[in-house]
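# Descriptive analysis of the structure
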Amino acid sequence: MNIVTKVYKPEFEKCPVCGSKLAYRYTVSNKVIQFSSGHKSRIKNLGYSCTNQDCKASDVIFTSQTASKFCIKGYTYSAKVISLITILKMEGYSREKICAELALLGVEISDRNIDNIFEREKSLLNADYKKNIETEYDFMYSHYGQIRISIDSLTIKGKRFVSIRDSFHNHQLGLHIFDENDTENLKKLLHEYVDDPRVKSITTVRKFTDFFKILEEVVARDMEYIYFIKY
Ligand SMILES: [Zn+2]
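These numbers were taken from a predicted model, which means no experiment stands behind them. (Residues numbered from 1 in each chain as written. Predicted model: local features only at pLDDT ≥ 70, side-chain atom pairs only at ≥ 80, totals over all residues.)

Quick look at the overall build of the protein now. Helix and strand counts for the protein stand at seven helices and eight strands. Over its C-alpha atoms, taken along the principal directions, the protein stretches across nearly 55 × 40 × 30 Å. The 231 residues of the protein split such that 31% are buried. Contacts in the protein between residues far apart in sequence, at least 24 positions, make up 63% of those at least 6 positions apart. (Helix = DSSP H or I, 4+ residues; strand = E, 2+ residues; numbered from the N terminus. Buried ≥ 20, exposed ≤ 12 C-beta atoms within 10 Å, placed from the backbone. Contact = placed C-beta atoms within 7 Å.)

The structure is reproduced here in structure tokens:
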């Protein structure tokens, strides 16, 4: 099978803290990812850093948030495949049945990986995100004088998965599931992440999506938006 290689670098060219040029340092990840469409791609995520040695962020390796959002550490499946596994598990499907469902889509996966993925997702869903927001926001602000986050929303089988990460170190702050049409609770949650006036930048999906409209309404102030490159 022919596997296409896609190369990603950070969505911005200049250091978000001091404005100096970023330079390539090393390849942060390079692996073959299986997508829910059944196709596979090799994703290379290139790491860049600030060229100004006096910059507070000089030791930060910036990567593409587009690539990071589907290259989940330790796994070789897209975020959509992982979300699908999570939903099926929550609906009580056996792992054998999930393997069979995924095989129909052309995705190869072992029983054990299904359990591992679900365990990891469950722990993210149950994590104390309020505490993560507090700790990670204070850390970002004290180190870089600003807070940058990425918010990713994907919908599958009537559910919306919302994943929030910090943009400096790509730590996951929270993972949340809503019914696809439950805008009210989605807005409540987004407020918890964006109301802090120190949040300066949000990396997210492009303007023309429904999700962006909701996000923009919740933010309702000046905000720097950086868009995920559509895969
Ligand atoms: Zn810098």
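With four bridges connecting them, strand S4 (residues 147-156) and strand S7 (residues 199-204) associate as parallel partners. Across the sheet, residue isoleucine 147 finds its bridge partner in S7, namely valine 199. Across four bridges, the pairing between S7 and strand S8 (residues 224-227) is parallel. Paired with serine 201 across the bridge in S8 is glutamate 224. (Pairing = 2+ DSSP bridges.)

In terms of domains, the protein is made up of domain 1 (4-70), domain 2 (79-124) and domain 3 (128-227). Here the C-alpha centre of domain 2 lies 28 Å away from the C-alpha centre of domain 1. Taken together, the contacts link six residues of domain 1 with eight residues of domain 2. Of the residues assigned to the side of domain 1 that touches domain 2, the class counts are two nonpolar, three polar and one charged. (Domains from an automatic or database assignment. Nonpolar A, V, L, I, M, F, W, Y, C, P; charged D, E, K, R; others polar.)

Moving on to the sheet that holds strand S1 (residues 4-8). One open sheet holds the three strands; their spatial order is S1-S3-S2, and the pairing between them is mixed. Sheet topology places S1 and strand S2 (22-34) at the edges, where each strand pairs with a single neighbour. Strand-to-strand twist in this sheet, taken as the mean axis angle between neighbours without regard to direction, amounts to 20°. Here five bridges tie S1 to strand S3 (residues 40-50), and the two strands are oriented parallel to one another. Each bridged residue has a counterpart across the sheet, and for valine 7 the counterpart in S3 is lysine 44. (Axes fitted to C-alpha atoms, helices over the stretch in contact; angles between N-to-C directions.)

Right, let's get into the packing of helix H2 (residues 79-90) against helix H4 (residues 111-125). The contact between H2 and H4 brings their axes to 9 Å, and the two run at 85°. By the angle between their directions, the pair H2 and H4 is classed as roughly perpendicular. Residue-level contacts link Ile82, Ile85, Thr86 and Lys89 of H2 to Ile114, Ile117, Phe118 and Glu121 of H4. Each residue belonging to the contact of H2 with H4 can be placed in one class, and the counts come to five nonpolar, one polar and two charged. (Parallel < 35°, antiparallel > 145°, perpendicular 65-115°, else oblique.)

Phi at lysine 157 is positive, roughly 50°, even though this residue is not glycine. Within the fold, lysine 157 resides in the loop between S4 and strand S5 (159-166). With 10 C-beta atoms packed within 10 Å, lysine 157 lands in the exposed category. The phi torsion at asparagine 170 lies on the positive side, around 65°, for a residue other than glycine. Here asparagine 170 is to be found in the loop between S5 and strand S6 (172-179). On the basis of neighbour counts, which here come to 17 C-beta atoms within 10 Å, the residue asparagine 170 falls in the partly exposed class.

Every α-helical turn comprises 3.6 residues, leaving residues that sit three or four positions apart pointing alike. Taking 1.5 Å per residue, 15 residues should reach 21 Å; H4 reaches 21 Å between its end C-alpha atoms and fits that length. Those residues of H4 not exposed but buried are Ile114, Ile117 and Glu121. An end-on view of H4 places all buried positions within 70° of arc, on one side of the element. The exposed residues of H4 that point more than 90 degrees off its buried face are Asp111, Arg112, Glu119 and Ser123. In the core, the buried residues of H4 are packed alongside H2, helix H3 (95-105) and S6. (Expected span 1.5 Å × (residues − 1). Arc of directions from axis to C-beta.)

Attention now moves to the pairing of S2. The pairing of S2 with S3 spans eleven bridges and is antiparallel. Note that in S3 the partner of isoleucine 33 across the bridge is serine 41.

For the rest of this paragraph, the subject is the confidence of the model for the protein. Per-chain confidence: the protein averages 92 in pLDDT, with 96% of residues scoring 70 or above. Ranking the elements of the protein by mean pLDDT puts helix H1 (residues 65-70) last with 80 and helix H6 (residues 183-194) first with 98. (pLDDT = per-residue confidence, 0-100.)

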